[in-house]
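# Report on the structure
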Amino acid sequence: MLKKYIATTLIITILLAPLINASNTGLLYDTMKNGNGVCPLSMGHAFTAVAKGANSIFYNPAGLANPGGEYRYETLDMKENIYNNSNTNMLYISPFGYSNQRKETNDNDFVEVNTFSYGTKGSKGIDWGISYKNIKSSIDNNEKNSWSSDIGLLIHFSSNFNLGFTAKDILKENLEVPTTYIFGTAFSAKDFIIATDIVSCKDTSGKQSYTSHSGIKYKITEGLIAMGGMYQQTISGGLTIKLL
């Protein structure tokens, strides 16, 4: 039986806002590459080796091998500074996951991604997972249907240390975004997790770039969890309160 709970997540909006800014990368690139999920965003996108719960669908499908289940609905950019809508529905019932993500701009451009994921526990402490993404977009009145796929690995060196790897959009059709390779580490103790990610990707101009991400998650007390992170020169943070 799935554990039922109500969770309210408070975000330090001023610090988090730059992480959901499309800047010059474009709507499609931003949707496919820049992540979603309140917890990973608060941790500066450093989630590849953490990979727990429904957020594994985007960051590393190997995390879906962890037993459990979860449904999440999240809406970002509530002040509509960047998007008219930025909504995500995520459903995870191990070993399967499904998400629907949609972003719309003030110009009525949109990208909608439906993701179907699977993760399983392998031998020697290595979990693996795959995702298939069906993408619908309309940008500058140009409507397009495309697809892509991700693969992920989660290596458990010990009960306290994980390595993660995700190749995003490694197979694709009719999709003009590059493949991204992400390597992550995560160290956990009783009350905290410290995580780092290194991302290798080509930007929209074709230039190879490497970015680092770091994050921490700390359990202050039962039902109260603080998160913080850094992505390039941007600091993020959040607070999760479980009400029931």
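Structure's up top.
Source: prediction; values computed, not measured. (Residues numbered from 1 in each chain as written. Predicted model: local features only at pLDDT ≥ 70, side-chain atom pairs only at ≥ 80, totals over all residues. Heavy atoms only, no water.)

## Digging into the environment of G44
Just so we agree on the cut-off: Every helix listed is a DSSP run of H or I at least four residues long, and every strand listed is a run of E at least two residues long, numbered separately from the N terminus. Exposure categories follow from relative accessible area, calculated using a 1.4 Å probe and restricted to protein chains: below 20% of the type maximum is buried, above 50% is exposed, and the middle band is partly exposed. Note on definitions: a residue-residue contact is assigned when non-hydrogen atoms from the two residues lie within 4.5 Å.
Here G44 shows up in the loop between α3 (38-42) and α4 (56-59). Residue classification places G44 among the buried positions, given a relative accessible area of 0%. For the pair G44 and G229, spaced 185 residues apart in sequence, the C-alpha separation works out to 4.3 Å. Ignoring anything within four residues of it in the chain, the contact list for G44 reads H213, S214, G229, M230, Y231 and S236.

## Overview of empty space enclosed by the protein
Threshold: Any residue with an atom within 4 Å of a point lines the site, the site being either a cavity, points on a 1 Å grid over the protein atoms alone where a 1.4 Å probe fits but cannot get out, or a pocket, an open set with protein on both sides within 12 Å along at least 5 of 7 lines. Grid points are joined across faces, edges and corners, and a volume is the space filled by probe spheres set on the points. Throughout, the ten residues Ala, Val, Leu, Ile, Met, Phe, Trp, Tyr, Cys and Pro are labelled nonpolar, Asp, Glu, Lys and Arg are labelled charged, and all others, Gly among them, are labelled polar.
The full count for this structure, using the stated rule, is three cavities of 30 Å³ or more. If you add up the space inside the largest cavity, you get close to 110 Å³. Within the residue set of the lining of the largest cavity, elements represented by two or more residues are α2 (27-33), α4, β3 (85-93), β4 (96-104) and β5 (110-121). For the lining of the largest cavity, a count of residues per class yields six nonpolar, six polar and three charged.

## Remarks on the side chain of E70
Rule in force here: Any pair of N or O atoms that falls within 3.5 Å is considered a polar contact. Within protein, one atom must be able to donate a hydrogen and the other to accept it, and sequence-neighbouring residues count only if both atoms are side-chain atoms.
Residue position: E70 is located in strand β2 (residues 69-75). Classification of E70 as buried rests on a relative accessible area of 15%. In terms of polar contacts, E70 uses its side chain to reach the backbone amide nitrogen of A54, at 2.8 Å. Polar contacts involving the side chain of E70 include one to the side chain of R72, which spans 2.8 Å.

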